[in-house]
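Single-letter residue listing:
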Amino acid sequence: MQCHPDMTTFRPDVYKTQMQEEFDALLRRAEGRNMLYYFLHLLNGWGMHGPLGERENASSMDFNTEINRLTTALILDRIRNGRSIPIPPQDLLFVFQANMEQKGFYAALRNFIRIATDQVARQEPWQANEWREHTGLQTGKIIRNIHQELSNAGFSKLADEFEATHLGHARTVRNAIAHGNFRIPHTETGGEWVFGDYTKIGRSGFILKTTRFTAETFQNIFLRFLTYRLAFFAAAEERENWYIDRSFAFQATNQMDRNEVLECQFDKGTLSVKYKGTPLW
């Protein structure tokens, strides 16, 4: 059975425009607070490193490209320009889970929040309470923390939509996929999606609670989640394209030592930084 995109219940074009405006406001505030770290993050140019193939280690943001490519190939190319090619339900689940676990997106969003609120931004901006030795980074904890950070930074609409698209039903689906507890629409499920989530009862018992969605409901959950992500990347791409052919000098504060003022040069996407005349890179 295949799921056909239903564009009547949810208006992704209108929603994307609204969210892109909200993300643009976040990026512009970050730009106004510290243009150097804004550019380092916008261009993923921390340390002005070389191509991924020439480095021993990577950054979380390096992998955004691949997730965006698979999203385009499996979903967007099938529904753009008036086309409505059926999307296999397995592709919906794969794209949803790959995006939901995409640490590069969370790193990018978190650092723009940090730069906008004059906090320290890092290439891997993870917190101690988001890491466990036996499981590594915890996606659920990262999501809850970023929701709070958006709210604290004053971006209430972005925070509300982040909660709506990444928590609630989306959390149920993410957990079910991670545990292998799902059924795609089938005659055995009455044509519905079924997702199972473990719930503890008593001192030693567990039950597997199920959540069911009609095909239309699940498609709208998926589209709203995906469109939120697309709006973020569209806003970042638009800001990057605006600067890519420009050259100018500016000053910025060193976030690790606020007494240091750095002399910076932006030249068509390339950054150079000096401190008291000494090149840092």
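As a convention, each chain's residues are numbered from 1 in the sequence order in which they are written. Confidence filtering applies because this is a predicted model: local features only for residues at pLDDT of at least 70, side-chain atom pairs given and counted only at 80 or more, and all residues used for totals across whole chains, interfaces and linings. Water and hydrogen atoms were dropped before computing side-chain values, which therefore reflect all heavy atoms in the structure.

Participant: Help me out: how do you make sense of the overall build of the chain in this one?
Facilitator: Secondary structure follows DSSP: runs of H or I at least 4 residues long count as helices, runs of E at least 2 residues long count as strands, and numbering of each begins at the N terminus. In terms of helices and strands, the chain carries nine helices and nine strands. As defined in this context, the radius of gyration uses C-alpha atoms, and a globule is described by 2.2 Å times the residue total to the power 0.38. In terms of C-alpha radius of gyration, the chain reaches 21 Å, essentially the compact-globule figure of 19 Å for 281 residues. Dimensions along the principal axes, computed over C-alpha positions, put the chain at roughly 70 × 55 × 40 Å. In the chain, which comprises 281 residues, the share counted as buried stands at 48%. Only heavy atoms matter for contacts: two residues are in contact if any of them lie within 4.5 Å across the pair. Intrachain contacts of the chain at a sequence separation of at least 6 include 59% that bridge at least 24 residues. In the form shown here, the chain has an accessible surface area of approximately 14,400 Å², with 49% of it arising from carbon and sulfur atoms. Categorising residues by exposure relies on relative accessible area from a 1.4 Å probe, with only protein chains included: less than 20% of the type maximum marks a residue as buried, more than 50% marks it as exposed, and the intermediate range marks it as partly exposed. Only the protein chains shown count as covering a residue, and every accessible area follows the Shrake-Rupley method with a 1.4 Å probe.

Participant: Which parts of the structure should I look at to understand the sheet that holds strand β4 (residues 193–201)?
Facilitator: Picture the strands of a sheet paired through backbone hydrogen bonds; they go either parallel or antiparallel. Taken in spatial order, the three strands make up an open sheet running β3-β4-β5, and their pairing is antiparallel. Every interior strand has two partners, whereas the edge strands, β3 (182–183) and β5 (205–213), have only one. Strand pairing is assigned whenever DSSP detects at least two bridges linking the two strands. Two elements, β3 and β4, share two bridges in a ladder whose sense is antiparallel. In the sheet register, Arg183 faces β4, and the bridge partner there is Val194. Angles run from 0 to 180 degrees between N-to-C directions of axes, and those axes are lines fitted to C-alpha atoms, restricted for helices to the stretch in contact. Docked against the sheet, helix α8 (residues 169–179) engages β3, β4 and β5, running at close to 85 degrees with respect to β4.

Participant: Explain the nonpolar core to me, please; I cannot follow it from the model alone.
Facilitator: Nonpolar side chains tend to gather and get buried jointly when the protein is soluble and globular. To define a nonpolar core, start from buried Ala, Val, Leu, Ile, Met, Phe, Trp, Tyr and Cys residues and group those joined through side-chain atoms within 4.5 Å. Grouped together as the largest cluster of nonpolar side chains are 75 residues, with contacts concentrated most on Phe23, Leu26, Leu36, Leu109 and Leu150. Take this core: its biggest share by element is 13 residues, from helix α9 (residues 215–243). Residues contacting Leu109, with those up to four places away along its chain left out, are Phe23, Leu26, Ile146, Leu150, Phe162 and Phe232.

Participant: How should I be thinking about the packing of helix α1 (residues 12–33) against helix α7 (residues 156–166) in this particular structure?
Facilitator: Between two packed helices, the angle of one axis relative to the other and the distance separating the axes together describe the packing. For the pair α1 and α7, interaxial distance at closest approach is 10 Å and the crossing angle is 125 degrees. On the basis of their axis angle, the class for α1 and α7 is oblique. You can see that α1 and α7 cross each other, and the crossing is left-handed. Each of Tyr15, Met19, Glu22, Phe23 and Leu26 in α1 lies in contact with α7, whose residues at this interface are Lys157, Leu158, Glu161 and Thr165. Split by residue class, the contact of α1 with α7 holds five nonpolar, one polar and three charged. An angle below 35 degrees is read as roughly parallel, one above 145 as roughly antiparallel, one from 65 to 115 as roughly perpendicular, and any other as oblique. Crossings are classed by handedness, with left-handed meaning an anticlockwise turn of the near helix from the far one by less than a right angle and right-handed meaning a clockwise turn. Amino acid classes used here: Ala, Val, Leu, Ile, Met, Phe, Trp, Tyr, Cys and Pro are nonpolar; Asp, Glu, Lys and Arg are charged; the rest, including Gly, are polar.

Participant: Mind showing me how you'd approach the environment of Leu36 here?
Facilitator: The residue Leu36 is located in helix α2 (residues 35–42) in this model. Leu36 gets classed as buried once you look at its relative accessible area, which sits at 1%. For Leu36 and Cys264, which are 228 residues apart along the polypeptide, the C-alpha to C-alpha distance reads 7.3 Å.

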